[in-house]
Amino acid sequence: MASAETAAEHERILREIESTDTNCIGPTLRSVYDGQEHGLFMDKLEGRIRNHDREIEKMCNHHFQGFVDSITELLKVRGEAQKLKVQKEKMRLLTSMDELRQCRLQQRNIATTIDKLTHCLPGTNIRYYPALRTLEQLEESCLPQAGSYRFCGIMSENIPRLRTHIRDVSMSDLKDFLESIRKHSDKIGETAMKQVYPGKSHCLLIQKQSELHFILNSLILTQVFRMCVCFTQAHAFFFVVEDHILHATQGLVNRAYVEELWELALSKTIAALRTHSSYCTDPDLILDLKNLIVLFADTLQGYGFPVNQLFDMLLEMRDQYGEILLKKWNQSFRQILDQDNYSPIPVASREEYQRIAGQFPFQDPELDKMPFPKKLPFSEFVPKVYSQLKEFIYACLKYSEDLHLSSTEIDDMIRKSTNVLLTRTLSHCLQYAIKKKNVGLAELVQIIINTTHLEQSCHYLEEFISNITNVPPDTINATKLYGTSTFKDARHAAEEEIYTNLNQKIDQFLQLADYDWAAAQGGGQASDYLSDLIAFLCSTFAVFTHLPGKVAQTACMSACKHLSTSLLQLLLEADVRQVSMGALQQFNVDVKECEKFARAGPVPGFQGDTLLLAFIDLRQLLDLFTQWDWSTYLADYGRPTCKYLRVNPHTALALLEKMKDTSRKNNMFAPFRKNERDKQKLIDTVVKQLRSLIATNQA
């Protein structure tokens, strides 16, 4: 019984070994070693292995012939493929040999043609000269020796006529030759220029003549450009021919003659180019003219003519080119600033965010963490202005190319031009945007934020210029960009405009003040105009949270000081001749509302009650009158610890005079009431003491 169970168990283990993955066979083998019949299991395992080996052998024998046939077919295919490859190489070789045969045939034909033309040239060159020499020999030697034959006389008579005919024919051929040279002079000049720049497309300028008619604003400029093209080509042709004659002949021209002609032509060329280029107002046209002049100069320099004056003139034209660029970019900046909405840029997706980041170098880790949609702190004119600055730098670089300048010189020229763009053009445009009448506080706040980001991007412009000129920004004597000062000045101007604008808004609210200066008793609530003013200030300073801290604090302190000063002037203005205690109490309620606003901290960053100091003059003045604490004021006046240190005696006297007048007017029976009489006497006494105090201080 035990052996049958053991056999069944071994059979089960063998099936598991055959069907189980090798990674999971561990537990199965462990069960074998845990049993008692190891040897019996190994015998069954050997038997099972022999059975599988026999099955494998049968299968291999069954498929062996098919395998052999497949290998045989594969060898046949490889042979055919090798034949196809060789055949393809043969076809390619035959094609190349045929092309080589055609090329050598053309070379042989060209060589034969050149040889035949060479043999023909002497005949054409001396066609007229031998005839004249023959006539001369006949006339001077042969005919006199022949005697006085009739044919000799006839020949002597015809020699002058033949000589005249030869002269006319040769002159006609010469005129035809010169006319042909004149007709094709521009082609000769163009060919000479192409030889100087075989790999460049400078000569495409000639093809642009017809296109410029649609590009330029004036037909005159098109004609100027066409004139300059023809002018430079004709001069190139002339001096190429002169140089060839100088080196190919003897005695016809000499070096001094050619140099004298070149100096004369060069002076006239430069004068003409200066005159006609001064009419140009398009930077692209100036750039084309510059490229044409460079091509002309390099061509003539290749023939040994000095062209330094031409390159000096190109440097002069660079200043004109720079001024034209500044005018063009001034219009671009004005348009950008006029069309801007002065609101933070909304960004709805990652793609849109990356698009703006590609236009302007902006990094804000905190903003990156925020989910979409979100807003960038600056408005559209920041990336647009930055892109225009880069376009201007590219335009400056285009003119500096091919002028044979060093990288340092090009870098210096670009930086100086960019500085002029920043300090003059862009600065004026920003000032124009700040000073516009319809610019409000929100727009001014956005301008400050925008200029702050543009200022921070200036070092990226430095790197941009260095990358395109290959001159490190830390090179000794390298020109630095003035963008930081430009944007800082614009920001300060916007800040000052904010202070002015804010004060004007406060004045507009104060114009709505309507106090009853003769009121018998003050109200318990602040005046409507003042409540509206405080609400406006709260909403305004809420927008200032995006501004730098000092700007917001300065604006808030400036507004509070202006409000305090304006309220005091309102109280003391000449039109207000009488002020009752009730009116003063209402005025005091309004000042307390202002102090409440200051104490609430509308702008963070103030220490303690610093903002309350803006109203301290008003507070001490109103406390003095509402508490009628004249004894303390007069006794402590002039001491550093005086309770009413900020109350000026002139101010106190002016207000007291107004209260004295209203006391007399509103109390017609005051002389008959003891309290009123005592109060009037007290006012008179205080008035006298204040006047005495003022007189003493003035002395």
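What you see is a predicted model, and the numbers here were worked out from it, not measured in a lab. (Residues numbered from 1 in each chain as written. Predicted model: local features only at pLDDT ≥ 70, side-chain atom pairs only at ≥ 80, totals over all residues. Heavy atoms only, no water.)

## Considerations on the overall build of the protein chain
Working step 1: Looking only at helices and strands, the protein chain has 26 helices and two strands in total.
Working step 2: Expressed as a percentage of its 699 residues, the buried residues of the protein chain come to 36%.
Working step 3: Contacts in the protein chain between residues at least 24 apart in sequence constitute 76% of all its contacts with a sequence separation of at least 6.
Working step 4: Split by element, the accessible area of the protein chain, about 42100 Å² in all, is 55% carbon and sulfur. (Helix = DSSP H or I, 4+ residues; strand = E, 2+ residues; numbered from the N terminus. Buried < 20%, exposed > 50% of the residue type's maximum accessible area, 1.4 Å probe, protein only. Contact = heavy atoms within 4.5 Å. Areas by Shrake-Rupley, 256 points an atom, 1.4 Å probe, with all protein chains shown as cover.)

## Here we look at the pattern of salt bridges
Working step 1: Evaluated as defined, the whole model comprises 18 salt bridges.
Working step 2: Note that Arg101 is salt-bridged to Asp98, the shortest N-O span being 2.9 Å. A residue pair is termed a helical-turn pair when its members lie 3 or 4 positions apart in one helix, as Arg101 and Asp98 do in helix 3 (residues 38-125) at three residues.
Working step 3: Three or more residues are tied together by salt bridges with common partners; here these are Asp411, Arg415 and Glu462. (Salt bridge = Lys/Arg side-chain N within 4 Å of Asp/Glu carboxyl O.)

## What to know about the packing of helix 17 (residues 441-456) against helix 19 (residues 483-510)
Working step 1: Two numbers describe how helix 17 lies on helix 19: the axes approach to 9 Å, and their chain directions differ by 165 degrees. By the angle class used here, helix 17 and helix 19 are roughly antiparallel. For the pair helix 17 and helix 19, the sense of crossing is left-handed. The residues of helix 19 that touch helix 17, namely those facing Leu441, Leu444, Val445, Ile447, Ile448, Thr451, Thr452, Leu454 and Glu455, are Thr484, Phe487, Lys488, Ala490, Arg491, Ala494, Glu495, Glu497, Ile498, Asn501 and Leu502. (Axes fitted to C-alpha atoms, helices over the stretch in contact; angles between N-to-C directions. Parallel < 35°, antiparallel > 145°, perpendicular 65-115°, else oblique. Left-handed = near helix turned anticlockwise from the far one by under 90°.)

## Structural notes on unusual backbone geometry
Working step 1: Backbone torsion omega between Phe372 and Pro373 reads -5 degrees, so that peptide bond is classified as cis.
Working step 2: Of note, Pro373 is situated in the loop between helix 14 (365-369) and strand 2 (374-375).
Working step 3: Phi is positive for Tyr342, which is not a glycine, with a value near 50 degrees.
Working step 4: Counting through the fold element by element, Tyr342 comes out in the loop between helix 12 (308-339) and strand 1 (346-347).
Working step 5: Taking relative accessible area as the criterion, Tyr342 reaches 12% and is therefore assigned buried.

## Quick notes on the packing of aromatic side chains
Working step 1: The full count for this structure, using the stated rule, is 21 aromatic pairs.
Working step 2: Ring geometry for Trp329 versus Phe392: centroids 5.5 Å apart, planes at 80 degrees, classification edge-to-face. Taken as a pair, Trp329 in helix 12 and Phe392 in helix 15 (residues 381-400) lie far apart in primary sequence, 63 residues in all. In this structure, Trp329 and Phe392 share a single accessibility class: buried.
Working step 3: With centroids separated by 5.9 Å and ring planes inclined at 85 degrees, the aromatic side chains of Tyr515 and Tyr529 adopt a geometry described as edge-to-face. Taken together, the residues span a long stretch of sequence, with Tyr515 in the loop between helix 19 and helix 20 (528-543) and Tyr529 in helix 20 at a distance of 14 residues. Of the two residues, Tyr515 and Tyr529, neither departs from the other in class, the shared state being buried.
Working step 4: Ring-pair connections join several aromatic residues into one group, and the members of that group are Phe625, Trp628, Trp630, Tyr633, Tyr637 and Tyr644. (Phe/Tyr/Trp six-rings, centres within 6.5 Å; stacked < 30°, edge-to-face > 60°.)

## Notes on the confidence of the model for the protein chain
Working step 1: Summary statistics for the protein chain give a mean pLDDT of 80 and a share of 80% for residues scoring 70 or more.
Working step 2: Per-element confidence in the protein chain ranges from a low mean pLDDT of 35 for helix 8 (residues 209-215) to a high of 94 for helix 15.
Working step 3: Segment residues 223-231: pLDDT under 50, and 17 contacts once partners within four positions in sequence are set aside and those in other chains are kept.
Working step 4: With pLDDT under 50 throughout, residues 668-672 is counted as low confidence; its partners more than four residues away or in other chains account for four contacts. (pLDDT = per-residue confidence, 0-100.)

## Some remarks on the side chain of Asp298
Working step 1: Mapping Asp298 onto the fold places it in helix 11 (residues 283-302).
Working step 2: For Asp298, a relative accessible area of 8% puts it in the buried group.
Working step 3: Reaching out from Asp298, the side chain makes a polar contact with the side chain of His404 at a distance of 3.0 Å. (Polar contact = N/O pair within 3.5 Å; in protein donor to acceptor, adjacent residues only side chain to side chain.)

## Points about a nonpolar patch on the surface
Working step 1: A contiguous nonpolar patch, built from Phe64, Phe67, Ile71, Leu74 and Leu75 and spanning about 530 Å² of accessible area, is present on the exposed surface.
Working step 2: Of the residues examined, Leu74 reaches a relative accessible area of 55% and is grouped as exposed. (Patch = residues over 30% accessible without salt bridge, like charges linked within 9 Å, V, L, I, M, F, W, Y side chains within 5 Å.)

## Looking at the environment of Phe597
Working step 1: In this structure, Phe597 sits in helix 22 (residues 581-599).
Working step 2: Each C-alpha atom of the pair Phe597 and Cys538 lies 8.3 Å from the other, and the pair is 59 residues apart in sequence.

## Things to note about the side chain of Ser457
Working step 1: Tracing the sequence through the fold places Ser457 in the loop between helix 17 and helix 18 (458-469).
Working step 2: Excluding its chain neighbours within four sequence positions, the residues that come into contact with Ser457 are Phe360, Pro361 and Tyr386.

## What about the packing of helix 10 (residues 255-277) against helix 11?
Working step 1: It is the contact of helix 10 with helix 11, at a shortest axis distance of 12 Å, that shows an interaxial angle of 175 degrees. Relative to helix 11, helix 10 is oriented roughly antiparallel. Between helix 10 and helix 11, the contacting residues are Trp262, Thr269, Leu273 and Ser277 on the first element and Ile286, Leu289, Ile293, Phe296 and Leu300 on the second.
Working step 2: Taken together, the residues of the contact of helix 10 with helix 11 sort by class into seven nonpolar, two polar and no charged. (Nonpolar A, V, L, I, M, F, W, Y, C, P; charged D, E, K, R; others polar.)

## Examining the environment of Leu571
Working step 1: With respect to the element layout, Leu571 can be found in helix 21 (residues 549-572).
Working step 2: Sequence separation between Leu571 and Trp517 is 54 residues, and the spatial gap between their C-alpha atoms is 9.3 Å.
Working step 3: Excluding residues that lie within four positions of it along the chain, Leu571 makes contacts with Trp517, Val576, Leu584, Phe587, Leu621, Leu655 and Lys658.

## Things to note about the state of the cysteines
Working step 1: Using the criterion set out here, one finds zero disulfides in the structure.
Working step 2: Residue Cys538 stays outside any disulfide, its sulfur separated by 9.3 Å from that of Cys556, the closest cysteine.
Working step 3: Here Cys538 falls in the partly exposed class, since its relative accessible area comes to 40%.
Working step 4: Cysteine Cys556 remains unbridged, with the sulfur of Cys560 as its closest cysteine sulfur at 4.4 Å. (Disulfide = S-S within 2.5 Å.)

## Structural notes on helix 11
Working step 1: When the terminal C-alpha atoms of helix 11 are compared, their 28 Å separation across 20 residues agrees well with the 28 Å that a helix rising 1.5 Å per residue should span.
Working step 2: Counted residue by residue, helix 11 has 17 buried out of 20 residues, so it is predominantly covered.
Working step 3: The backbone nitrogen of Asp284 lies 2.7 Å from a side-chain oxygen of the residue at the head of helix 11, namely Asp282.
Working step 4: Note on helix 11: the residue one or two positions beyond its end, Gly304, has a positive phi of about 90 degrees. (Expected span 1.5 Å × (residues − 1).)

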